[in-house]
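If you want the building blocks of each chain, they are given just below.
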Amino acid sequence: MAAPTRTTFTIGTRKSKLALLQTDLVQAALQKTHPDYEFKIFSKETAGDLNTTIALKDFTTKNLWTEELEELMIAGQVDFIVHSLKDVPTILPSSCILGPTMPREDSRDVLVVKQGLPYKSLAEIPAGSVVGTSSIRRTAQLARKYPHLKVQDIRGNIGTRLSKLDAEDSPYTCAILAAAGLLRLDLQDRITQYLDSKNSGMLYAVGQGALGIEIRKDDTLLHGMLDKIGDWDTTFAVLAERSLLRTLEGGCSAPLGVETEWVQSAEGSKKLRMRSVVVSVDGQKCAEAEVDGDVNSVESAEAFGITVAKALVADGAGEILEEIQRNKVVKEGVAS
């Protein structure tokens, strides 16, 4: 007897306003390409949502936003999950894979200045000012380029962080956030400055601005459906970025910044250019690499990430990451 054809799919996501909005984007794209199917949304709060007091760097697990949803998917209660890709650990459960990725939103970090203050760029922020961020990557890059500024943790969803920044008694002069979240929430008027390697020395997180669509490895029907809404330039770029991070074995807490773009080579072929940087938390040590590669398949994207990782290690990244790991082990020993 033939297996019944599936016509209804349940999408798992976090409960935050941004997560739901991002899921709506995927749902709408799939509904357009598959009008005869129904796509329902199931949302739940995850560990990362429920604990907004611990700094991200102090969590002992990397899958704060993904694990509980993955368990539901493996159990068959949801068919696939929509994540912010930068929150997805580089090693997934063995029965799960990432499907093709839709076109990426702006991947850069942005400066958001407290309402009422006149500063227009990171370079203008006065010495001693407090920058809000919980990201070890941003903290390390700020320590390297702007050692005169102080960093203080700021947790919560985007609305919460903006409220904390703007509060009258707030210690913060500014905060650094991902452009994508602000743009998707129609909060572009809060962006003071887009940050990149050229204007501020700030590189973004692996996968930033892209949506990660996680499915069961054996779900060939869903993989074929996602192929129709996927964008291969985005998919190959983020797979290369994730391969780089996985190879360095830093996971989500490594102070790794990347910047990828597609460029035309002198011969006229399209290449992926990846700039990457690993900075010690105090900003004193730094390893950098810029590599162009031929990336035109999942396999070549994975291989390119490994090539860039080797270039970073050759420039001293391994040493920096080992030191961070040693300090983490010491801190965890003290805490226990």
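For the structure itself, look to the data block above.
Here the structure is a predicted model, which is why all the values come from computation and not from measurement.

Draft legend 1. Looking closely at the packing of aromatic side chains. The full count for this structure, using the stated rule, is 3 aromatic pairs. The interplanar angle of 20° and the centroid separation of 5.6 Å between the aromatic rings of Phe9 and Phe39 together place this pair among those described as stacked. Of this pair, Phe9 sits in strand E1 (residues 8-14) while Phe39 sits in strand E2 (residues 38-44), placing them 30 residues apart in sequence. Ring centres 5.3 Å apart and planes at 35° place the aromatic pair Trp232 and Phe236 in the tilted group. Remark: Phe236 and Trp232 occur in helix H8 (residues 232-248); sequence separation between them is 4 residues, near one turn of the helix. Above the face of the Trp262 ring, Lys270 is positioned so that its terminal group lies 5.1 Å from the ring centre.

Draft legend 2. How the structure looks around the environment of Lys145. With respect to the helices and strands, Lys145 occurs in helix H4 (residues 136-145). For Lys145, a relative accessible area of 40% gives the class partly exposed. Separated by 22 residues in sequence, Lys145 and Ala123 have C-alpha atoms that sit 9.7 Å apart. Filtering out sequence-adjacent residues up to four positions away, Lys145 remains in contact with Ser200 and Gly201.

Draft legend 3. Local environment of the sheet that holds strand E13 (residues 286-293). Here 3 strands make up an open sheet; going across it, the order is E11-E12-E13 and the pairing antiparallel. If you trace the sheet from one side to the other, it starts and ends with strand E11 (256-264) and E13, each paired once. Along the sheet, successive strands turn relative to each other by an average axial angle of 10°, direction set aside. Judged from the 8 bridges that link them, strand E12 (residues 270-279) and E13 form a sheet pairing that is antiparallel. Of the residues in E13, the one forming a bridge with Leu272 is Gly293. Packed onto the sheet, H4 meets E11, E12 and E13 and runs at close to 75° relative to E12. Of the strands in this sheet, E11, E12 and E13 are in contact with helix H9 (residues 298-314), which crosses E13 at around 145°.

Draft legend 4. Focus on helix H7 (residues 220-227). Looking only at H7, the buried set comprises Leu222, Met225 and Leu226. Along the axis of H7, the buried residues cluster in a sector spanning 95°; they form a single face. Check the buried side of H7 and you find it contacts E1, helix H1 (17-33), E2, strand E3 (80-84) and strand E10 (211-216).

Draft legend 5. Structural view of the packing of H8 against H9. The contact between H8 and H9 brings their axes to 7 Å, and the two run at 45°. Here H8 lies oblique to H9, going by the angle between them. For the crossing formed where H8 meets H9, the hand is right-handed. Two secondary-structure elements touch here, H8 through Phe236, Leu239, Ala240, Ser243, Leu244, Arg246, Thr247 and Leu248 and H9 through Val298, Ala301, Glu302, Phe304, Gly305, Ile306, Val308, Ala309, Leu312 and Val313.

The rules behind each value
Note that residues are indexed from 1 along each chain, following the sequence as it is written. Whole-chain, interface and lining totals are the exception, using all residues; otherwise, since this is a predicted model, local features are given only for residues with pLDDT of at least 70 and side-chain atom pairs are given and counted only at 80 or more. Excluding hydrogens and water, the side-chain figures rest on all heavy atoms present in the structure. Any pair of Phe, Tyr and Trp rings, taking the six-membered ring for Trp, is counted once the centres come within 6.5 Å. Such a pair is stacked with planes under 30 degrees apart, edge-to-face with planes over 60 apart, and tilted for the rest. Put simply, DSSP H or I for four residues or longer makes a helix, DSSP E for two residues or longer makes a strand, and each gets a number counted from the N terminus. For a lysine, the NZ atom is tested; for an arginine, the CZ atom; a charge sits over a ring if that atom is within 6 Å of the ring centre and within 35 degrees of the ring normal. Classification of residues uses two cut-offs on accessible area relative to the type maximum, computed with a 1.4 Å probe and protein chains only: under 20% is buried, over 50% is exposed, and between them is partly exposed. Residue contacts follow a heavy-atom distance rule, with two residues in contact if any of their heavy atoms lie within 4.5 Å. Any two strands are treated as partners once DSSP identifies two or more bridges connecting them. Only the contacting stretch of a helix is used when fitting its axis, a line to C-alpha atoms as for every element, and angles between N-to-C directions run 0 to 180 degrees. Relevant arc is that of directions from the helix axis to the C-beta atoms, nothing else. An angle counts as roughly parallel when it lies under 35 degrees, as roughly antiparallel when it exceeds 145, as roughly perpendicular when it falls between 65 and 115, and as oblique in every other case. By definition, turning the near helix anticlockwise from the far helix through less than a right angle yields a left-handed crossing, and turning it clockwise yields a right-handed one.

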